[in-house]
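Residues per chain, in single letters:
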Amino acid sequence: ANRARFLPCRLSFDAQSLHTLAEPAMMLARASLRPLRCAAKRSLAVDAAQLEDTAAQLLKRHGVAGVQAAVIDAGEVIPVNGGLADVASGTPVASTTLFQLASLSKPVAARRALTRFDADAAVNPLLAAHGSPWRIEGQDGWGDAVTVSHLIDHSALGLHYVPGVPESEPKPSSLELVSGRAEEWGYAAVECVKKPGSAFAYSGGGFLVLQHLLECALGPEKALAPCGGRFGYELDGAPTGESLVDFGFDVPEGQTHAVGYRDGGEVLGRLWFPPFAAGAMGTASGLGEWLCGLSKAHRDRGDGMHAVARLMLERRRDLGAGAFMGARMGRGIFIRDVASGDPRSPDRWMLHQAANDGFTAVWKSKFYGAF
């Protein structure tokens, strides 16, 4: 993925979060939010206009086409936009402009799976029960030991990056993607490459299997339905509220999708990516609302999604995610402890990174500690 210049990006941040970030888009976010350092200590007041002015300066300095961000301040989601969604037409980035979420799709997909399946359930029996002709294979019977949790914590399967398919080409099915029948687009068969749960290695392949499993269980339309409500909705019911994350590819009528660019400003044609692994679209504010809901569900024992949120944000033994991300792996989400005023009780943050051709993004938000 190209992460340097001319990358429209989308970011969601907590107003208290200003830790070291990498890559130009992340540097943009850190610098543009720097004015919040003093404000956060006083009142967490967010001056969106000041941030947008700062963003405009940084976009010009680093050659980035546009940015869409959201600051979460005491549960309120504040949009911050800058630059252009489409350089050729001069269309500015708005808070409603849709961006590719890339790997920020993964946490939303993980929540959807944990609503439907037990985290410790073995995947192959679930595939069989829901009529899939495909099974996970691996040496020493490892394929049969893969659980739903292994799919979303990157501890069993291969295929790090999922390649894009040109918009004009037929889109491969989830069965074709996992079984190696989409090799022309760079998709070898997904296999169990190590003893499940033994080591971390970032795996888009796990989310291809997750998509295939949910499509078999629910049908593609329901499995890939838009995510509505602050932390999603029960899969067997209708979406509630405005869509926050859309797993579809077609841009809804009346909305605009940002254009991706390579270094030097070369326009990228729109690419299709597998929805759960990297293909969702949405806005920074929409994802900010989703994160607010996740944080609330984690804190509130009476919330209907409390058990799912606890599973996702469980601080687990590090299997190698620390070297990759500087954080531990929960389920679908990375987790990092950050020093607080009490050395015995650090604050805890959730975060995730993302990059598709032409787009890059990151989010981080505190979910445990003093608020």
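Values in this document were obtained by computation on a predicted structure and should not be read as measured data.

Student: Sorry, what's going on with the sheet that holds strand S7 (residues 227-228) here?
Tutor: Two pairing modes exist for strands in a sheet, parallel and antiparallel, and in both the strands are linked by backbone hydrogen bonds. Pairing is antiparallel in the open sheet, where four strands are placed in the order S5-S10-S8-S7. Looking along the sheet, the strands with just one partner apiece sit at the ends: strand S5 (99-100) and S7. Strand direction decides the pairing type here: strand S8 (residues 243-246) and strand S10 (residues 281-282), joined by two bridges, are antiparallel. Counterpart to valine 245 in the pairing with S10 is glycine 282.

Student: Can you walk me through the packing of aromatic side chains in this structure?
Tutor: Each aromatic ring pair is described using two quantities: the centre-to-centre distance and the angle formed by the ring planes. Across all of its chains, the model carries six aromatic pairs by this definition. Centroid distance phenylalanine 200 to phenylalanine 334: 6.0 Å. Interplanar angle 65 degrees. Geometry classified as edge-to-face. Taken together, the residues phenylalanine 200 in the loop between helix H8 (174-179) and helix H9 (205-218) and phenylalanine 334 in strand S12 (residues 334-338) connect sequence positions 134 residues apart. By relative accessible area, phenylalanine 200 is classed as buried at 13%. Take phenylalanine 334: its relative accessible area is 0%, and that puts it in the buried class. In textbook terms, an aromatic cluster arises when at least three aromatic residues are bridged by ring pairs, as seen for Phe200, Tyr202, Phe324 and Phe334. Over the aromatic face of phenylalanine 207 sits the side chain of lysine 106, whose NZ or CZ is 5.7 Å from the ring centroid. Over the face of the ring belonging to tyrosine 368 we find arginine 348, whose NZ or CZ atom lies 5.6 Å from the ring centre.

Student: How should I be thinking about the pattern of salt bridges in this particular structure?
Tutor: Should their charged atoms come close, side chains of opposite charge can pair. The full count for this structure, using the stated rule, is eight salt bridges. The residue aspartate 303 makes a salt bridge to lysine 296 at a minimum N-O spacing of 3.0 Å. We classify lysine 296 as partly exposed; its relative accessible area is 38%. The salt bridge partner of aspartate 347 is lysine 366, with a shortest N-O separation of 3.6 Å. Within this pair, whereas aspartate 347 is found in strand S13 (residues 347-356), its partner lysine 366 is found in strand S14 (residues 359-368), the two being separated by 19 residues in sequence. The pair formed by aspartate 347 and lysine 366 is uniform in burial state, with each residue classed as buried. The network of salt bridges with shared partners includes Lys296, Asp300 and Asp303.

Student: I'm lost on unusual backbone geometry in this one. Help?
Tutor: Trans is the common state for peptide bonds, and a negative phi is the common state for residues other than glycine. In this structure, alanine 102 is a non-glycine residue whose phi angle is positive, near 50 degrees. Its place among the elements puts alanine 102 in the loop between S5 and helix H4 (105-116). Of note, the phi angle at leucine 159 is positive, near 70 degrees, even though the residue is not glycine. Among the secondary structure elements, leucine 159 is positioned in the loop between helix H7 (148-152) and strand S6 (165-166).

Student: Please clarify how the environment of tyrosine 202 should be interpreted in this entry.
Tutor: Secondary-structure assignment places tyrosine 202 in the loop between H8 and H9. Relative accessible area serves as the criterion here: at 8%, tyrosine 202 is assigned to the buried category. Separated by 122 residues in the primary sequence, tyrosine 202 and phenylalanine 324 place their C-alpha atoms 8.3 Å from one another. Contact partners of tyrosine 202, with chain neighbours within four places excluded, come to Ser103, Lys106, His154, Leu159, His160, Phe324, Phe334, His352 and Gln353. Side chain to side chain, tyrosine 202 and lysine 106 meet in a polar contact 3.3 Å long.

Student: Teacher, can you tell me more about the packing of H4 against H9 here?
Tutor: If you want to describe how two helices pack, look at the angle between their axes and the distance between the axes. Where H4 contacts H9, the two axes come as close as 11 Å, and the packing angle between them is 40 degrees. Taken together, the axis directions place H4 and H9 in an arrangement best described as oblique. Every pair of crossing elements has a handedness; the one defined by H4 and H9 is left-handed. Contact residues: H4 offers Lys106, Ala109, Ala110, Arg112, Ala113 and Arg116, while H9 offers Phe207, Leu210, Leu214, Ala217 and Leu218.

Student: How should the confidence of the model for the protein be read in this particular structure?
Tutor: Detailed reading of the predicted model is not advised wherever pLDDT is low. Averaged over all residues, the pLDDT of the protein equals 85, while 84% of them reach at least 70. Low pLDDT, under 50, characterises residues 1-7; the predicted model gives this stretch 35 contacts beyond four residues in sequence or across chains. Segment residues 13-25: pLDDT under 50, and 47 contacts once partners within four positions in sequence are set aside and those in other chains are kept.

What counts, and where the lines are drawn
- Residues numbered from 1 in each chain as written.
- Predicted model: local features only at pLDDT ≥ 70, side-chain atom pairs only at ≥ 80, totals over all residues.
- Heavy atoms only, no water.
- Pairing = 2+ DSSP bridges.
- Helix = DSSP H or I, 4+ residues; strand = E, 2+ residues; numbered from the N terminus.
- Phe/Tyr/Trp six-rings, centres within 6.5 Å; stacked < 30°, edge-to-face > 60°.
- Buried < 20%, exposed > 50% of the residue type's maximum accessible area, 1.4 Å probe, protein only.
- Lys NZ or Arg CZ within 6 Å of the ring centre and 35° of its normal.
- Salt bridge = Lys/Arg side-chain N within 4 Å of Asp/Glu carboxyl O.
- Contact = heavy atoms within 4.5 Å.
- Polar contact = N/O pair within 3.5 Å; in protein donor to acceptor, adjacent residues only side chain to side chain.
- Axes fitted to C-alpha atoms, helices over the stretch in contact; angles between N-to-C directions.
- Parallel < 35°, antiparallel > 145°, perpendicular 65-115°, else oblique.
- Left-handed = near helix turned anticlockwise from the far one by under 90°.
- pLDDT = per-residue confidence, 0-100.

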